[in-house]
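Below, each chain spelled out in residue letters.
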Amino acid sequence: MWKVAMSEEVGKAVQSVLERVKQAAARRPKTLPAVVPRLVAVSKTKPPDMIVEAYRQGQRNFGENYVNELVDKASDPLILESCPEIKWHFIGHLQKNNVNKLLGVPNLFLVETIDSPKLADKVNTSWQRLRGASSQRLKVMVQVNTSGEQSKHGLPPEDTVNTVKHIVSQCSALHFSGLMTIGRYGYDLTLGPNPDFQMLLSRRQEVCEGLKLPMEEVELSMGMSTDFEHAIEVGATNVRVGSIIFGNREYPNSALNTPNPTPNPSPLPSPAPSPEKTTKTVSEEAAKKMHHLTVSEH
């Protein structure tokens with residue numbers, strides 16, 4: 001029975017989030033590119049059958065933070081059989097020694113976290129070697145540390161244009177798709193638009209002007225469970241939503257790069273190696289509050 005109940009909940013949650021994405025997009029200024037926002041369902045620590053249920057509801061884009069977990073899920077027989085059109089996004093910090101493993105993932109769609117020219121070069125050469133010269137180019141985004149926090153990965157904002165230029169001119173196996181940021185967690189929207197999102201918008205402007213790229217062809221991946229509606233309203237074309245679709249995460253005591261569980265979990269995140277994990281381990285109360293603030297602005 002628990003599987004039936006779980007499936008129903010995931011199905012309802014996907015539909016609810018998609019509706020909120022649609023409504024947020026309708027509130028965008030007409031000056032922004034009319035790009036339909038893409039919902040990436042972040043499924044880390046969740047079992048394959050939950051992913052399959054979201055897929056059955058029409059969800060196609062799924063995100064994972066850890067290479068090993070993505071490899072396991074993408075190769076899972078249930079997912080391979082039930083989700084032939086799944087599109088995997090890698091949204092965690094990518095170390096050079098894991099590049100080959102990541103690029104072997106079936107249905108890998110987009111690597112959102114390129115944060116240096118050297119990593120871009122590594123991904124470029126590995127993709128060419130693994131997939132062959134005739135292969136379709138791999139979509140990548142450049143991750144920018146818009147908040148300046150040391151706990152966040154991503155390149156300094158001032159390095160954005162040169163890094164994108166390097167990818168476009170030197171990495172023939174890669175297709176530059178846009179910019180990605182995490183941003184600081186818990187920003188109070190009553191103070192105005194999130195400055196980290198505004199920073200990414202301004203960097204896109206610089207990239208487009210400097211490299212003569214059309215604005216609508218440079219995506220913005222920003223916004224998570226607590227702030228994805230606001231992110232869409234100001235220009236996000238790709239939002240990464242996990243806990244409000246799949247429920248709060250449970251981290252098993254395993255070697256899967258996850259933190260040790262605590263006997264009495266508190267609303268505050270425990271120390272974790274991933275910035276995504278830290279920003280996403282939030283209470284439902286906080287998520288509801290942020291949603292209320294986002295809606296109340298309009």
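Residues numbered from 1 in each chain as written. Predicted model: local features only at pLDDT ≥ 70, side-chain atom pairs only at ≥ 80, totals over all residues. Heavy atoms only, no water.

- Going by the annotation in an unreviewed UniProt entry, the name recorded for the chain is Pyridoxal phosphate homeostasis protein, with Poecilia formosa given as the source organism.
- In its Function (unreviewed entry) section, the UniProt record describing the chain reads: "Pyridoxal 5'-phosphate (PLP)-binding protein, which may be involved in intracellular homeostatic regulation of pyridoxal 5'-phosphate (PLP), the active form of vitamin B6."
- Recorded in UniProt under Sequence similarities (unreviewed entry), the annotation for the chain is "Belongs to the pyridoxal phosphate-binding protein YggS/PROSC family." (UniProt positions renumbered as here; feature names shortened; annotations may be inferred.)

**What about the confidence of the model for the chain?**
Stage number 1. On average, residues of the chain carry a pLDDT of 85, and 81% of them reach 70 or more.
Stage number 2. Residue range residues 254-298 is modelled with pLDDT below 50. Its contacts to residues more than four positions away, or to other chains, number 78 contacts. (pLDDT = per-residue confidence, 0-100. Contact = heavy atoms within 4.5 Å.)

**Quick notes on the packing of helix α7 (residues 160-170) against helix α8 (residues 195-211)**
Stage number 1. Interaxial distance between α7 and α8 falls to 9 Å at its minimum, and their mutual angle equals 50°. The orientation of α7 relative to α8 falls into the category oblique. Note on packing geometry: the crossing formed by α7 with α8 is right-handed. Contacts between α7 and α8 involve Thr160, Val161, Val164 and Lys165 on the former and, on the latter, Arg203, Glu206, Val207 and Leu211.
Stage number 2. Of the residues that constitute the contact of α7 with α8, the class distribution is four nonpolar, one polar and three charged. (Axes fitted to C-alpha atoms, helices over the stretch in contact; angles between N-to-C directions. Helix = DSSP H or I, 4+ residues; strand = E, 2+ residues; numbered from the N terminus. Parallel < 35°, antiparallel > 145°, perpendicular 65-115°, else oblique. Left-handed = near helix turned anticlockwise from the far one by under 90°. Nonpolar A, V, L, I, M, F, W, Y, C, P; charged D, E, K, R; others polar.)

**Some thoughts on the packing of aromatic side chains**
Stage number 1. Taken as a whole and judged by the stated rule, the model has one aromatic pair.
Stage number 2. Here Phe62 and Trp88 contribute two aromatic rings whose centre-to-centre distance is 6.1 Å and whose plane-to-plane angle is 55°, an arrangement assigned as tilted. Placement of Phe62 in strand β2 (residues 61-64) and of Trp88 in strand β3 (residues 87-90) is noted, with a sequence separation of 26 residues between them. Both residues of the pair, Phe62 and Trp88, belong to the buried class.
Stage number 3. Taking the ring centre of Tyr55 as reference, the NZ or CZ of Arg60 above it sits at 3.7 Å. (Phe/Tyr/Trp six-rings, centres within 6.5 Å; stacked < 30°, edge-to-face > 60°. Buried < 20%, exposed > 50% of the residue type's maximum accessible area, 1.4 Å probe, protein only. Lys NZ or Arg CZ within 6 Å of the ring centre and 35° of its normal.)

**Examining the pairing of strand β5 (residues 138-143)**
Look at any regular strand and the pattern is simple: side chains alternate between the two faces of the sheet.
Stage number 1. Across the six residues of β5, five count as buried, placing the element largely inside the fold.
Stage number 2. Here strand β4 (residues 108-114) pairs with β5 via three bridges, running parallel. Its bridge partner lying in β5, Ile114 is registered against Val142.
Stage number 3. Taken together, the six bridges between β5 and strand β6 (residues 174-180) define a ladder with parallel strand orientation. (Pairing = 2+ DSSP bridges.)

**What about the side chain of Thr181?**
Stage number 1. Following the sequence through the fold, Thr181 ends up in the loop between β6 and α8.
Stage number 2. For Thr181, a relative accessible area of 0% puts it in the buried group.
Stage number 3. Of note is the side chain of Thr181, whose polar atom sits 2.7 Å from the side chain of Thr146.
Stage number 4. When sequence neighbours within four positions are dropped, the list of residues in contact with Thr181 reads Val144, Thr146, Leu200, Ser221, Met222 and Arg240. (Polar contact = N/O pair within 3.5 Å; in protein donor to acceptor, adjacent residues only side chain to side chain.)

**Thoughts on the environment of Ile182**
Stage number 1. Here Ile182 shows up in the loop between β6 and α8.
Stage number 2. In this structure Ile182 comes out as buried when scored by relative accessible area, which is 6%.
Stage number 3. Separated by 37 residues in the primary sequence, Ile182 and Asn145 place their C-alpha atoms 7.3 Å from one another.

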